[in-house]
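Analysis of the macromolecular model
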Amino acid sequence: MSTNTPPGDRIAKVIARAGRASRREAERLIEAGRVTVNGQKITSPALNVTPTDKIVVDGRALAAPEPARLWLYHKPVGRVTTTRDEQGRPTIYDDLPEDMPRVMSIGRLDLNSEGLLLLTNDGELKRKLELPSTGWLRRYRTRVNGRPTDATFDPLRKGLVIEGEKFQPMTVTLDRQQGANAWVSVSIREGKNREVRRAMEAVGLVVNRLIRLSYGPFQLGQLKPGAVEEIRPRVLRDQLGMKDEDAPQEAKPKPKPQRRRR
């Protein structure tokens, strides 16, 4: 174990990479005294470890990190994104197959929102894709109550400040009016808490349906509500620029039997 910067990686990063918790959650576990390294309790995440160090979290040894994996999940309305809910509401984890490893959501969708949610077993991948610097576009289809015009959305396109919080400019298109409601396409790059709903409220509109269609290069497509689909390793490597050793390898197809010549 070493308190110097080299060698090794920060312990919170190692815990996150192993899928035990996100990096931020790992830092909280460390500060709470729930992590030991080589039998010694630590309380500061300012520590580097190497593969030879024995890390134990809540009494369980940290397993070697598995290759990063990514799933698409179609979140239905009425599911919360947390692992447990104090109010006893259904969570997204109630939908997941039993044979899935422990996964974390990349970003969130609130209780009444639906659509694409990315899940991963890798805390570092989660952190990377949530960083504002990643800048991945999130596209939404939004139904609002009211009769907006295209000019209604000019403040959103310029960028808003709501309760002291700055929202980056959004791409907004008025698609069609349907009775008392209008359908609007919205694209954002930050993903602040309830960003689309709060932005619409700022221009006098109430969102009554919010569907995330895509997150970066990953699309909701025809995935049914509650369904989960894993991204193929090759696609994951290509889209995220991952090294081959950091991503799971696809099973090699069995050779087809050769037809005998007559």
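The rules behind the values
Residues numbered from 1 in each chain as written. Predicted model: local features only at pLDDT ≥ 70, side-chain atom pairs only at ≥ 80, totals over all residues. Heavy atoms only, no water. Buried < 20%, exposed > 50% of the residue type's maximum accessible area, 1.4 Å probe, protein only. Helix = DSSP H or I, 4+ residues; strand = E, 2+ residues; numbered from the N terminus. Pairing = 2+ DSSP bridges. Core = buried A, V, L, I, M, F, W, Y, C linked by side-chain atoms within 4.5 Å. Contact = heavy atoms within 4.5 Å. Salt bridge = Lys/Arg side-chain N within 4 Å of Asp/Glu carboxyl O.

Notes on the pairing of strand E9 (residues 114-120)
Burial of E9 is extensive: seven of the seven residues sit out of reach of the surface. Pairing of strand E8 (residues 104-106) with E9, which is carried by three bridges, proceeds in the antiparallel orientation. Bridge pairing in E9 places Ile106 opposite Leu118. Relative to strand E15 (residues 206-215), E9 runs parallel, the two being bridged by two bridges.

Some remarks on the nonpolar core
In terms of nonpolar packing, the biggest core is built from 29 residues, with Leu119, Leu156, Met170, Val186 and Met200 touching the most fellow members. When contributions to this core are tallied by element, the ones reaching two or more residues are strand E7 (70-75), E9, strand E10 (138-145), strand E11 (160-162), strand E14 (181-188), helix H5 (195-202) and E15. Non-local contacts of Met200, meaning those with residues more than four positions away in its chain, are made with Val144, Phe153, Leu156, Val184, Val186, Leu205 and Val207.

Describing the pattern of salt bridges
Counted under the stated rule, the structure contains 14 salt bridges. In this structure, the salt-bridge partner of Arg34 is Asp58, at a minimum N-O distance of 2.8 Å. With a gap of 24 residues between them, Arg34 in the loop between helix H2 (23-31) and strand E2 (35-37) and Asp58 in the loop between strand E5 (55-57) and strand E6 (60-61) connect regions that are remote in the sequence. Here Arg34 falls in the partly exposed class, since its relative accessible area comes to 41%. Salt bridges linked by common partners bring Glu165, Glu190, Lys192 and Arg198 together as one network.

Nothing here speaks to function; it is all geometry.
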